[in-house]
Amino acid sequence: MTAAPVEVKSCCAAAYSSAAARFLLGDSFHPGGSQLTSKLIRQLGAESGSTVVDVASGLGTSARQLARELGCHVVGVELSPPSVAGAAEAAAEAGLSGRVRFLVGDAEALPLADCQHGRRLCECALCTFPDKEAAACELARVLRPGARLVLADIVAEPDRLPHELRSLAAWVACVADARPVTELSGLLERAGFVIESVGRHDGALARLLDRVDARLRTAALVGPDVLGDGVDEGRELVHAAREALSEGNLGYASILARRA
Ligand SMILES: C[S@@+](CC[C@H](N)C(=O)[O-])C[C@H]1O[C@@H](n2cnc3c(N)ncnc32)[C@H](O)[C@@H]1O
């Protein structure tokens, strides 16, 4: 896969703010949906009144959940302007606009000051960032010493993925540039985090793949305009991802870490 970083980023931002992503994935663009997010939020710990940053906040679903479940303020940072606008509208509709706000920004150069924030969530997005070292350093830069991070991400053994899972579409689908969980831990340690625990959620990824496959089959039958001619490519990706998951070369993991 030879796409330039700028192309990868703009493809990701466009794909995840599209009607197709909404049709295939619903409101939460990560395995485990709001149930797994609740578990991860509990790991971050309660500190009502403080501010949590949600990096690559997508439609803002987890940001609203963070505000409701922790009683905290939330700043979501997201590359796609339409996603930011939609997330702000949804927060206003939920009566949360006083506590939840969204900024357009790049995870590799966050529009936030140093050492300001107490906690940080980043779900299913590091795998899409071309410069993972830069993004990990940014995760650390804006956190106060002792602050907690929960990073949840697709994990993979990149050398063992088949060619179908190495395309630009597979990168956007969170797979082609996913890394082993040990590599993610090393990345966070080099950026200044101490790893506290690691969790595996591969069953959640399997259920997400089943759901996407069912949606793609429905689309093939009724032919919604929203997916254009992407149904066959989508099904090929899902099929290859299921196989990689069953062989232990793909999964979903979370890392709880503390800023040193
Ligand atoms: C798989 S979605 C996850 C969204 C959200 N965290 C969730 O779990 O529902 C990945 C998100 O990362 C965003 N994204 C991709 N590259 C980014 C970057 N460099 N900086 C900020 N956001 C980015 C995409 O626009 C998309 O909303």
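Before reading on, note that the structure itself is shown above.
Here we summarise the structure given alongside this text. (Residues numbered from 1 in each chain as written. Predicted model: local features only at pLDDT ≥ 70, side-chain atom pairs only at ≥ 80, totals over all residues. Heavy atoms only, no water.)

**Looking at the overall build of the protein**
(1) Moving on: A tally of helices and strands in the protein yields 10 helices and seven strands.
(2) Moving on: Here the C-alpha radius of gyration of the protein, 17 Å, is about what a compact globule of 260 residues would show, namely 18 Å.
(3) Moving on: The C-alpha extent of the protein, read off along each of the three principal axes, is 50 × 40 × 35 Å.
(4) Moving on: Partitioning the intrachain contacts of the protein with sequence separation of at least 6 by distance along the chain shows that 77% fall at a separation of at least 24.
(5) Moving on: Split by element, the accessible area of the protein, about 11,200 Å² in all, is 51% carbon and sulfur.
(6) Moving on: In the protein, the 27 positive side-chain charges and the 33 negative ones have mean positions that sit 8 Å from each other. (Helix = DSSP H or I, 4+ residues; strand = E, 2+ residues; numbered from the N terminus. Rg over C-alpha atoms; globule rule 2.2 N^0.38 Å. Contact = heavy atoms within 4.5 Å. Areas by Shrake-Rupley, 256 points an atom, 1.4 Å probe, with all protein chains shown as cover. Lys, Arg positive; Asp, Glu negative; His and termini not counted. Charge placed at Lys NZ, Arg CZ, Asp CG, Glu CD.)

**Re the site of the ligand**
(1) Moving on: Neighbouring residues of the ligand: 19 residues in total, closest Phe 29, His 30, Ala 56, Glu 78 and Ala 107.
(2) Moving on: Phe 29 places a main-chain nitrogen or oxygen 2.8 Å from an oxygen atom of the ligand.
(3) Moving on: Between His 30 and the ligand, the recorded distance is 2.6 Å, taken from a side-chain N or O atom to an oxygen atom.
(4) Moving on: Here the ligand loses 99% of its free accessible area of 600 Å² to cover by the protein chains. (Near = heavy atom within 4 Å. Polar contact = N/O pair within 3.5 Å; in protein donor to acceptor, adjacent residues only side chain to side chain.)

**Things to note about unusual backbone geometry**
(1) Moving on: The backbone of Ala 56 sits at a positive phi, close to 60 degrees, despite the residue not being glycine.
(2) Moving on: Among the secondary structure elements, Ala 56 is positioned in the loop between strand 1 (51–55) and helix 4 (61–70).
(3) Moving on: A positive phi angle, close to 50 degrees, is found at Cys 124, a residue other than glycine.
(4) Moving on: Cys 124 gets classed as buried once you look at its relative accessible area, which sits at 10%. (Buried < 20%, exposed > 50% of the residue type's maximum accessible area, 1.4 Å probe, protein only.)

**Some remarks on the side chain of Asn 249**
(1) Moving on: Assignment of secondary structure puts Asn 249 in the loop between helix 10 (231–246) and strand 7 (250–259).
(2) Moving on: Classification of Asn 249 as buried rests on a relative accessible area of 6%.

**As for the environment of Cys 127**
(1) Moving on: Residue placement: Cys 127 occurs in the loop between strand 4 (117–123) and helix 6 (132–141).
(2) Moving on: Along the primary structure Cys 127 and Cys 174 are separated by 47 residues, whereas in three dimensions their C-alpha atoms are 5.5 Å apart.
(3) Moving on: Sequence-distant contacts of Cys 127, that is, excluding residues within four places in its chain, are made with Lys 132, Asp 153, Ile 154, Trp 171, Cys 174, Asp 177 and Ala 178.

**Remarks on the pairing of strand 3 (residues 100–104)**
Two faces make up the sheet, and in a regular strand the side chains alternate between them.
(1) Moving on: When strand 2 (residues 73–78) meets strand 3, the two strands line up parallel, connected through five bridges. By the bridge assignment for strand 3, Gly 76 is matched with Phe 102.
(2) Moving on: In terms of handedness, the path from strand 2 via helix 5 (residues 81–93) over to strand 3 forms a crossover that is right-handed. (Pairing = 2+ DSSP bridges. Right-handed = clockwise from strand over helix to strand, strands pointing away.)

**A few points about the pattern of salt bridges**
(1) Moving on: Across all of its chains, the model carries 16 salt bridges by this definition.
(2) Moving on: Taking the shortest distance from any N to any O, the salt bridge between Glu 183 and Arg 179 comes out at 2.8 Å.
(3) Moving on: Taking the relative accessible area as the measure of exposure, Glu 183 reaches 34% and is therefore partly exposed.
(4) Moving on: Between Arg 217 and Asp 213 there is a salt bridge, and its shortest N-O distance comes to 3.7 Å. Linking Arg 217 with Asp 213, this pair stays in helix 9 (residues 202–222), spanning four residues, or about one helical turn.
(5) Moving on: On the basis of relative accessibility, which here comes to 41%, the residue Arg 217 falls in the partly exposed class.
(6) Moving on: Bridged by salt links that share partners, the residues Asp 210, Asp 213, Arg 217, Arg 235 and Arg 242 form one connected network. (Salt bridge = Lys/Arg side-chain N within 4 Å of Asp/Glu carboxyl O.)

These values are about where atoms sit, not about what they do.
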